[in-house]
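Coordinate analysis (summary)
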Amino acid sequence: LVIWDSLAIAEWAAEQVAPGVLWPEDPALRAQARSAVCEMHSGFAAVRRDLSMNIHRRLRSEPDWPEDTRRALARIDELWTGLRERHAHLGPFLFGRRSIADAFFTPVATRLRTYAVAVSPTATAY
């Protein structure tokens, strides 16, 4: 079996374990988590373009990003902040418990750290 797309791999992995392990068990939360993952999977092209992956590099100040990159970074901040505020009572991750959504956003979190991107306190804590 060869599965070559990250979202397809995540869905396959979720089917191999008990329900509620990799996706939230609650159907509404699961749908929201899938929406967040799909947005990450198919979007944020400007972030991918301008914030290359480099987990060792650390800038001292945030660069002056192009407008489309600033909009994408603001959307990530908005998304993380909203999800954390709504689901904080369930645990410390985007949907309370660790999920595929957190796995998909981990590379973004490292990019924000690498490039000294300022985000809200809630997003920073996440």
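The rules we used
- For every chain, the first residue of the written sequence is number 1, and numbering continues from 1 onward in sequence order.
- For this predicted model, a pLDDT threshold of at least 70 governs which residues receive local features, and a threshold of 80 or more governs which side-chain atom pairs are given and counted, while totals over whole chains, interfaces and linings are taken from all residues.
- The side-chain quantities take in all heavy atoms of the structure and omit both hydrogens and water.
- Runs of H or I in DSSP of at least four residues are treated as helices and runs of E of at least two as strands, each being numbered from the N terminus.
- When accessible area is computed with a 1.4 Å probe and restricted to protein chains, residues below 20% of their type maximum are described as buried, those above 50% as exposed, and intermediate ones as partly exposed.
- The axes are straight lines fitted to the C-alpha atoms, using for helices just the contacting stretch, and the angles between their N-to-C directions are given from 0 to 180°.
- Here roughly perpendicular refers to angles of 65 to 115 degrees, roughly parallel to angles under 35, roughly antiparallel to angles over 145, and oblique to all remaining angles.
- Note on convention: near helix rotated counterclockwise from far helix by under a right angle means a left-handed crossing. Clockwise means right-handed.
- Residue contacts are counted whenever heavy atoms from the two residues lie within 4.5 Å of one another.
- Under this grouping Gly is polar, as are all residues other than the nonpolar Ala, Val, Leu, Ile, Met, Phe, Trp, Tyr, Cys and Pro and the charged Asp, Glu, Lys and Arg.
- For this document, the term salt bridge refers to a Lys or Arg side-chain nitrogen within 4 Å of an Asp or Glu carboxyl oxygen.
- We call Phe, Tyr and Trp rings a pair once their centres come within 6.5 Å, taking the six-membered ring for Trp, and we label the pair stacked below 30 degrees between planes, edge-to-face above 60, and tilted otherwise.

**Some remarks on unusual backbone geometry**
- One non-glycine residue, Phe44, lies in the positive phi region at around 60 degrees.
- Along the chain, Phe44 turns up in the loop between helix H2 (27-42) and helix H3 (45-50).
- Assessed through its relative accessible area of 9%, Phe44 is described here as buried.
- Phi at Ala116 takes a positive value of approximately 55 degrees, unusual for a residue other than glycine.

**A few points about the packing of H2 against helix H5 (residues 100-114)**
- Following both chains from N to C, one finds H2 and H5 inclined at 30 degrees, their axes separated by 9 Å at the closest point. Accordingly, the angle class assigned to the pair H2 and H5 is roughly parallel. The interaxial crossing formed by H2 with H5 has left-handed handedness. Of H5, the residues touching H2 (which contributes Ala33, Ala36, Val37, Met40 and His41) are Ile100, Ala101, Phe104, Phe105 and Val108.
- Partitioning the contact of H2 with H5 into residue classes produces nine nonpolar, one polar and no charged.

**Side note on the pattern of salt bridges**
- The final tally for this structure, using the stated rule, is eight salt bridges.
- We note a salt bridge from Glu11 to Arg34, for which the minimum N-O separation is 3.0 Å. Of this pair, Glu11 sits in helix H1 (residues 6-16) while Arg34 sits in helix H2, and the two are 23 residues apart along the sequence.
- Exposure remark for Arg34: the relative accessible area of 30% places this residue in the partly exposed category.
- Across the pair Asp64 and Arg70 runs a salt bridge whose closest N-O atoms are separated by 3.6 Å.
- One network of salt bridges, in which partners are shared, links Asp64, Glu67, Arg70 and Arg71.

**Overview of the packing of helix H4 (residues 67-87) against H5**
- The geometry of H4 relative to H5 is characterised by a closest axis approach of 12 Å and an angle of 120 degrees between their N-to-C directions. Classified by the angle between their axes, H4 and H5 sit oblique to one another. The handedness of the crossing between H4 and H5 comes out as left-handed. Between H4 and H5, the contacting residues are Leu73, Ile76, Leu79 and Trp80 on the first element and Phe105, Val108, Ala109 and Leu112 on the second.
- In the contact of H4 with H5, the residues fall into eight nonpolar, no polar and no charged.

**Notes on the packing of aromatic side chains**
- One pass over the full model with this rule turns up three aromatic pairs.
- Residues Trp65 and Tyr115 carry aromatic rings whose centres are separated by 5.7 Å and whose planes lie at 70 degrees to one another, so their mutual orientation is edge-to-face. Of the two residues, Trp65 sits in the loop between H3 and H4 while Tyr115 sits in the loop between H5 and helix H6 (121-125), which places them 50 residues apart along the sequence.
- An aromatic cluster of three or more residues is present, and its members are Trp80, Phe105 and Tyr126.

**Considering the environment of Ala45**
- As for its position among the elements, Ala45 is in helix H3.
- With a relative accessible area of 56%, Ala45 lands in the exposed category.
- Measuring from C-alpha to C-alpha, the distance between Ala45 and Arg111 comes to 13 Å, with 66 residues separating the pair along the chain.

Structural measurements only, silent on function.
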